[in-house]
Amino acid sequence: MDLEVKGVAVSPRSQAQPFSGRKKPLQQDWTSKSWTMQNSCLPVVPRLDLGSLAGSDDEEEDIIPENLPAPTSKYKLKYEQYKTEMKEEYKQYSQRNAEKIKSNITHQQSLRNKTDDKCIQEEEAITDDLTTLDRKVLLQQGYADNPDDAQWSTGKADAEMVATEKKKQTVAEQVMTDLLSRAVISDPEQSLTTEKQSACILPVSKIAPLRFRKRTLHETKIRTHSTLTENMLSNKVQFDGRIISRNGHDACRELMGFFFTHDQSLTVYEYRQFGKNRTNVLPFIQKNIYSHQRGRRKGKQYQLGDFYIGANLTFLNSDHLRLPESIKENTLLILRITNIDQIALDSFRTDSVEHEDDIIRQEANDRLIFKAIQDELKEQLHKRGVRILTGLGKYFQQLDQEGNGLLNKADFKQALKVFHLEVSEKNFESSWLILNDNVNGKVDYGEFKRAVIGEMNEYRKSFVRKAFMKLDFNKTGSIPIIDIRKCYCAKKHPQVISGHFTEEQIKSSFLETLKNACNKSDEVSYGEFEDYYEGLSIGVVNDEDFVNILRIPWGI
């Protein structure tokens, strides 16, 4: 009787046929019970014959049926189609793989060829007056071609922006607290009441009545007629500034100023940070009404139109006795506005009306004269700006015997002649009349360089200051060469990536050119560091390219 379990037909054991592949078929009626009765003792495990296992593959071949029917034409056709498709797909895969490898090799060769072409073009453009140091300086411009990780730089910039806004808020709160608390107590109106009361005291009475006695604390008014209110102080324009100085400690001070529109007064505060968590905000220029001390507007009071990015604010150091001694060495304190609250400035500018057309016209003419001179010198400084600017700085310091930074007309003419800088006599005389506003025959050589040769914009200058502040661990205003060697990283220089130069070669070339710009062989001052990148900036057109020259090797 046949049984069927889940669609599978089962036949009795008597009808089962032995498997054709076995050499010794199983015996019928063999059970575990009968085996146990015949063998009362435990079975003996036979030894493993490794030799018999060697022919197991041959035994497997015996079980393959030999009398297979021939394939039909239908399956032959399918097999041929499958075979052709597989060959075609493998061929296409091989072609794609070969093209991919070829494209990678071509890309690497193109990068290398691009670098080679650039080097060849630079070599062809180099004239006879370029020195070995000039060629080594040009290697620093290679960082501008490095496509660095934009996400990393963006994230770091956002973090710096948040920290900057926090600083500004801290300074603004301290300014409001100081001005609101000092205004009432220091108001001259507070002493008027006491003088009137002292005049009314009767001479007969030995002891004056209680209401006539001097009680400073109790007689202080809560509010006077000229008392400042928070509403008045809120009408202000906030700006960031830096001191124009070759002293690194002073040049890196973080200054924030406020111009109040209700009385045309201004004040400047300094933000100081000690370590990571300790900060302090101190007044640097007391709140008062100030006037220009130099230029076409000398003697005129500061107005809203005088505040913009790149503007200079001048103060007499004799009027501010609490300034640091390093700043008091000069007659004037020059503060450069590096950033400003443009929204507040535009909102207040619509309400103010300023009629100074003559002065504005004269200042525009002055800028045109300086622009013409700068255009004359731009081509001459394009490839050798670092050597010329750093050399001029050292040359001016040698001529400055008194140490006050002032030189006469003959000294400037001689300097231009020594460094082969050609300026027409007409333009030189015009620039001298503008710069020599004191009519004393002497001009500050730093101001002369900025006016005649030009200077980088405040966006570029901010990264130069960031790099110097990062390297100046002890805030001394100078950096040891050994610290610069430790911090400079040439790993991402395109010439290093392409294999033309090693990291040590790029680093050594930078240190050699930087040492040549310094008076001391073992340290770099802020003025020398700034002159180096000032000269490098002349040959870089794009701001972001120049920022990469600073950001990549210094990690800022």
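Presented here is an overview of the structure given in this document. As the structure is a computational prediction, the values presented were derived from the model and not from experiment.

1. Details of the overall build of the chain
Phase 1 of the analysis: Along the backbone of the chain there are 23 helices and 12 strands.
Phase 2 of the analysis: Residue pairs in contact within the chain that sit at least 24 positions apart in sequence constitute 67% of those at least 6 positions apart.
Phase 3 of the analysis: Carbon and sulfur atoms make up 53% of the accessible area of the chain, which amounts to about 36300 Å² in all.

2. Quick word on the environment of R135
Phase 1 of the analysis: Secondary-structure assignment places R135 in helix 5 (residues 132–138).
Phase 2 of the analysis: Distance from R135 to T513, taken between C-alpha atoms, is 9.8 Å for residues 378 residues apart in sequence.

3. Here we look at the nonpolar core
Phase 1 of the analysis: In this structure, I484, F510, F529, Y532, Y533, L550 and W554 are the most contacted members of the largest nonpolar core, which totals 38 residues.
Phase 2 of the analysis: Going through the elements one at a time, helix 18 (458–471), helix 19 (481–487), helix 21 (503–516), helix 22 (526–538) and helix 23 (543–554) are the ones with two or more residues in this core.
Phase 3 of the analysis: It is helix 23 that provides the largest number of residues to this core, a total of 6 residues.
Phase 4 of the analysis: If we skip the residues at most four places from it in the chain, L550 touches R460, F463, V464, A467, Y533, G555 and I556.
Phase 5 of the analysis: I388, L392, L407 and F448 belong to the second-largest nonpolar core, a separate cluster that totals 26 residues.

4. Quick word on helix 14 (residues 385–399)
Phase 1 of the analysis: Taking 1.5 Å per residue, 15 residues should reach 21 Å; helix 14 reaches 21 Å between its end C-alpha atoms and fits that length.
Phase 2 of the analysis: For helix 14, the complete set of buried residues consists of G385, V386, I388, L389, T390, G391, L392, G393, Y395 and F396.

5. Quick look at the packing of helix 14 against helix 15 (residues 409–418)
Phase 1 of the analysis: Where helix 14 meets helix 15, the closest approach of the two axes is 11 Å, and the angle between their N-to-C directions is 145°. Every pair of crossing elements has a handedness; the one defined by helix 14 and helix 15 is right-handed. When helix 14 is examined against helix 15, the residues L392, Y395, F396 and L399 are found in contact with a partner set consisting of D411, F412, Q414, A415 and V418.
Phase 2 of the analysis: Class assignment of the residues belonging to the contact of helix 14 with helix 15 gives a composition of 7 nonpolar, 1 polar and 1 charged.

6. Considering the pattern of salt bridges
Phase 1 of the analysis: In this structure the tally under the stated criterion is 29 salt bridges.
Phase 2 of the analysis: The closest approach of N and O atoms between K136 and E512, which form a salt bridge, is 2.4 Å. Of this pair, K136 sits in helix 5 while E512 sits in helix 21; the two residues are 376 residues apart in sequence, bridging distant segments of the chain.
Phase 3 of the analysis: Looking at K136, the relative accessible area reads 24%, which means it is partly exposed.
Phase 4 of the analysis: When its relative accessible area of 37% is taken as the criterion, E512 is described as partly exposed.
Phase 5 of the analysis: A salt bridge links R336 to E455; the nearest nitrogen and oxygen atoms lie 3.1 Å apart. One end of the pair, R336, is in strand 8 (residues 332–340); the other, E455, is in the loop between helix 17 (445–452) and helix 18, with 119 residues separating them in the sequence.
Phase 6 of the analysis: Since its relative accessible area comes to 5%, R336 is described here as buried.
Phase 7 of the analysis: Overall, the relative accessible area of 30% leaves E455 in the partly exposed class.
Phase 8 of the analysis: Because the salt bridges share partners, they merge into one network encompassing R242, R336, E455, E458, K461, E530 and E534.

7. With respect to the side chain of K167
Phase 1 of the analysis: Among the secondary structure elements, K167 is positioned in helix 6 (residues 150–185).
Phase 2 of the analysis: Here the side chain of K167 touches E254 through a polar contact of 2.9 Å, side chain to side chain.
Phase 3 of the analysis: Non-local contacts of K167, meaning those with residues more than four positions away in its chain, are made with E254, M256, Y271 and Q273.

8. Section: the sheet that holds strand 4 (residues 254–260)
Phase 1 of the analysis: In space, the 6 strands of this open sheet follow the order 6-5-4-3-8-7, with antiparallel pairing throughout. A single partner strand is all that each edge strand has here, and the edge strands are strand 6 (278–288) and strand 7 (312–316). Across the sheet, the mean angle separating the axes of adjacent strands is 35° when strand polarity is ignored.
Phase 2 of the analysis: By the bridge criterion, 8 bridges tie strand 5 (residues 265–274) to strand 6 in an arrangement that is antiparallel. Note that in strand 6 the partner of E270 across the bridge is L282.
Phase 3 of the analysis: Of the strands in this sheet, strand 3 (236–243) and strand 8 are in contact with helix 12 (residues 342–349), which crosses strand 3 at around 125°.

9. A closer look at the pairing of strand 4
Phase 1 of the analysis: Strand 4 sits mainly inside the fold: 6 of its 7 residues count as buried.
Phase 2 of the analysis: Examined bridge by bridge, strand 3 and strand 4 share 6 bridges and lie antiparallel to one another. Bridging from a neighbouring strand, V237 pairs with F259 of strand 4.
Phase 3 of the analysis: With 7 bridges connecting them, strand 4 and strand 5 associate as antiparallel partners.

About the cut-offs
Residues numbered from 1 in each chain as written. Predicted model: local features only at pLDDT ≥ 70, side-chain atom pairs only at ≥ 80, totals over all residues. Heavy atoms only, no water. Helix = DSSP H or I, 4+ residues; strand = E, 2+ residues; numbered from the N terminus. Contact = heavy atoms within 4.5 Å. Areas by Shrake-Rupley, 256 points an atom, 1.4 Å probe, with all protein chains shown as cover. Core = buried A, V, L, I, M, F, W, Y, C linked by side-chain atoms within 4.5 Å. Buried < 20%, exposed > 50% of the residue type's maximum accessible area, 1.4 Å probe, protein only. Expected span 1.5 Å × (residues − 1). Axes fitted to C-alpha atoms, helices over the stretch in contact; angles between N-to-C directions. Left-handed = near helix turned anticlockwise from the far one by under 90°. Nonpolar A, V, L, I, M, F, W, Y, C, P; charged D, E, K, R; others polar. Salt bridge = Lys/Arg side-chain N within 4 Å of Asp/Glu carboxyl O. Polar contact = N/O pair within 3.5 Å; in protein donor to acceptor, adjacent residues only side chain to side chain. Pairing = 2+ DSSP bridges.

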